[in-house]
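Summary of the model geometry
Spelled out, the chains give:
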Amino acid sequence: MKIEFIMLGATIALALINILWAGNVRTRQYGTEWNMGARDEKMPPLNPLAARLLRAQANLYETLPLFIAAVLGAAYLDRLGWKTEVGASLYAIGRLIYLPLYAAGIPKIRTMVFSVSLAGLILCWWALMFG
């Protein structure tokens, strides 16, 4: 299997981990009844960890569709190569490092790691557009 698709699968697994982790932390705060209920009632603010995990999840969801499109588009156009290999690896590894940094509330390093993942996304997009 091509490294780009391994990184794509790993990033999707990371997204699932983020969903489950954030859900678990919210359920610990609000309780099982809230989790299994309609969630119509107004709840108190989330604790800092739960709030950071939800923001990290939203941040991933902003770029993940672009990453998926760039990798699949490059593959469809037969433009996989060093740019997509390096780009997909930078994106996936960057996102993997980003999640615990965000959860721990580490600001500046987290932003630098995000920039690495963004550079990876741009490399994949470049390969899609220009080969």
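Preceding this paragraph is the structure being described.
Okay, so let's go over this structure. (Residues numbered from 1 in each chain as written. Predicted model: local features only at pLDDT ≥ 70, side-chain atom pairs only at ≥ 80, totals over all residues. Heavy atoms only, no water.)

1. A word on helix α4 (residues 82–104)
Along its 23 residues, α4 runs 33 Å from first to last C-alpha, staying within 8% of the 33 Å computed at 1.5 Å per residue. Once α4 ends, the next one or two residues include Gly105, with phi positive near 80°. (Helix = DSSP H or I, 4+ residues; strand = E, 2+ residues; numbered from the N terminus. Expected span 1.5 Å × (residues − 1).)

2. So, the packing of helix α1 (residues 3–30) against α4
With their axes 8 Å apart at the nearest point, α1 and α4 run at an angle of 15° to one another. Here α4 runs roughly parallel to α1, going by the angle between their axes. α4 is crossed by α1, and the crossing has left-handed handedness. On α4, the residues that touch Ile3, Glu4, Met7, Thr11, Leu14, Asn18 and Trp21 of α1 are Thr84, Glu85, Ala88, Ser89, Tyr91, Ala92, Arg95, Leu96, Leu99 and Ala103. Within the contact of α1 with α4, the residues separate by chemical class into 10 nonpolar, 4 polar and 3 charged. (Axes fitted to C-alpha atoms, helices over the stretch in contact; angles between N-to-C directions. Parallel < 35°, antiparallel > 145°, perpendicular 65-115°, else oblique. Left-handed = near helix turned anticlockwise from the far one by under 90°. Contact = heavy atoms within 4.5 Å. Nonpolar A, V, L, I, M, F, W, Y, C, P; charged D, E, K, R; others polar.)

3. What to know about helix α3 (residues 48–76)
Each α-helix turn comprises 3.6 residues. Residues three or four places apart therefore point the same way. Helix length check: α3, at 29 residues, gives a terminal C-alpha distance of 42 Å against a target of 42 Å (1.5 Å per residue), a fit within 8%. The principal kink in α3, of about 30°, is found at Thr63, preceding the proline Pro65 by one to four residues. Looking one or two places after α3, you find Asp78, whose phi comes out positive at around 60°. (Bend = angle between axes of the 7 residues up to and from the residue.)

4. Thoughts on the packing of aromatic side chains
The relation between two aromatic rings is expressed through the spacing of the ring centres and the mutual angle of the planes. A complete count under the given rule lists 7 aromatic pairs for this structure. Between Phe67 and Tyr91, the ring centres sit 4.2 Å apart and the planes meet at 20°, which makes this aromatic pair stacked. Remark: Tyr91 occurs in helix α4 and Phe67 occurs in helix α3; sequence separation between them is 24 residues. As far as burial versus exposure is concerned, Phe67 and Tyr91 are alike and both buried. Judged by centre distance (4.5 Å) and plane angle (50°), the ring pair of Trp126 and Phe130 falls under tilted. Here the residue Trp126 and the residue Phe130 both occupy positions in helix α5 (residues 107–130), the gap between them amounting to 4 residues, near one helical turn. Feature note: the residues Tyr98, Tyr102 and Phe114 constitute an aromatic cluster, connected by ring pairs. Cation over ring: Arg95 sits above Tyr98, and NZ or CZ is 4.5 Å from the ring centre. Note that Arg110 overlies the ring of Tyr102, its terminal NZ or CZ placed 4.1 Å from the centroid. (Phe/Tyr/Trp six-rings, centres within 6.5 Å; stacked < 30°, edge-to-face > 60°. Buried < 20%, exposed > 50% of the residue type's maximum accessible area, 1.4 Å probe, protein only. Lys NZ or Arg CZ within 6 Å of the ring centre and 35° of its normal.)

5. Some thoughts on the side chain of Thr27
With respect to the helices, strands and loops of the structure, Thr27 is situated in helix α1. A polar contact is formed between the side chain of Thr27 and the backbone oxygen of Gly23, at a distance of 2.8 Å. In this structure Thr27 touches Thr32, Trp34 and Asn35, once residues within four positions along its chain are discounted. (Polar contact = N/O pair within 3.5 Å; in protein donor to acceptor, adjacent residues only side chain to side chain.)

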